[in-house]
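Structural characterization, general
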Amino acid sequence: LSSKFSNSKDLENEVQFLKNQTQELENKCQILAEKIFIKRKQRVVDLQKEIQIIFNNLSMKESRIKFDLEKSDKLNKYGMDNLNILYSPDKGKNYNKLIKIASGGEKSRILLAINVLFSDKMRLPTLIFDEIDSGTSGKVANVIGDLMKKIGFESQIIAISHLAQVAAKASNHFKVYKILSSNKPKTLLRKLNREERIEEIAAMISADNITNPALDQAIELLK
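The present account deals with the structure reproduced in this document. Note that the structure is predicted; figures quoted are calculated from it, not measured.

**Considering the overall build of the protein**
From N to C terminus, the protein includes 7 helices and 7 strands. Helices and strands appear in the protein in the N-to-C order α-β-β-β-α-α-β-α-β-α-β-β-α-α. Taken over C-alpha atoms, the radius of gyration comes to 26 Å for the protein, far larger than the 17 Å a tight globule of 223 residues would show. If you line up the protein on its principal axes, its C-alpha atoms span 95 × 55 × 30 Å. In the protein, buried positions account for 30% of the 223 residues. Restricting to contacts in the protein with at least 6 residues of sequence separation, those with at least 24 account for 48%.

Below, the structure is given as structure tokens:
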């Protein structure tokens, strides 16, 4: 009994020691989190301006984005603040949460704009864009292709696109297609050589009936 009582007291002391250590670490985290919060508040203003420049190139001149930082009472894995991304599609409209009001195409282009800014800082190994050019064409499509190519110098980009202007910017092309195998659909992926790339780009331009002008345009786009 004496031995058990002694062990119990030692356990209580250890618990109290760990509680004190935890509190000390939490105090240090609070100080660091406060510094991070101040730096974030200073940075978001410049970040919003930089994104706006990219918006202008993506034919989103009237769109506005705002990074709203709210200080939290409790620490989380990001510090002591929560981030709300607010969006306004037109100058005259109030800001609302991005997730609620932005269309799929707008969300894709906003994601692209953010990735362009962070690509040289974060060095993400791979980024996947699924029809990020949806609902665009012409000049905007070219800009999207150029922006993805820029990111591609720092990160690997895997992009699914139905626009010839965008697809032609890629370093490599893979064709995704389906076949029936044992009466079941099967999706396959095949890397294309130079001639196949020209044909596929031409098919994107002129659909199933590949014309000579479409082939010439595909060769020009792939230069």
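Now that the structure has been shown, we can carry on.
**Observations concerning the sheet that holds strand β3 (residues 96-97)**
A sheet is described by the order of its strands in space; here 3 strands give the open sequence β1-β2-β3, paired in antiparallel fashion. Edge strands, defined here as strands with exactly one partner in the open sheet, are β1 (64-76) and β3. Sheet analysis places strand β2 (residues 79-88) next to β3, joined by 2 bridges and oriented antiparallel. For tyrosine 87, the partnering residue across the bridge sits in β3 and is asparagine 96. Helix-sheet contacts for helix α1 (residues 2-57) involve β1 and β2, and the interaxial angle to β1 is about 175°.

**Digging into the pairing of β1**
As paired elements, β1 and β2 share 9 bridges and run antiparallel to each other. Note on β2: the bridge partner recorded for glutamate 70 is asparagine 82. Two successive antiparallel strands, β1 and β2, enclose a turn made up of 2 residues.

**Remarks on the packing of aromatic side chains**
Per the stated rule, a full pass over the model turns up 0 aromatic pairs. The residue whose ring lies beneath lysine 66 is tyrosine 95, and the NZ or CZ to ring-centre distance is 4.4 Å.

**Some words on unusual backbone geometry**
The backbone phi angle of serine 182 is positive, close to 55°, even though this residue is not glycine. With respect to the helices and strands, the residue serine 182 is situated in the loop between β6 (174-181) and β7 (184-191). You can call serine 182 exposed: its relative accessible area is 69%. One non-glycine residue, asparagine 183, lies in the positive phi region at around 65°. Position of asparagine 183 relative to the elements: it lies in the loop between β6 and β7.

Rules used in this analysis
Residues numbered from 1 in each chain as written. Predicted model: local features only at pLDDT ≥ 70, side-chain atom pairs only at ≥ 80, totals over all residues. Heavy atoms only, no water. Helix = DSSP H or I, 4+ residues; strand = E, 2+ residues; numbered from the N terminus. Rg over C-alpha atoms; globule rule 2.2 N^0.38 Å. Buried < 20%, exposed > 50% of the residue type's maximum accessible area, 1.4 Å probe, protein only. Contact = heavy atoms within 4.5 Å. Pairing = 2+ DSSP bridges. Axes fitted to C-alpha atoms, helices over the stretch in contact; angles between N-to-C directions. Phe/Tyr/Trp six-rings, centres within 6.5 Å; stacked < 30°, edge-to-face > 60°. Lys NZ or Arg CZ within 6 Å of the ring centre and 35° of its normal.

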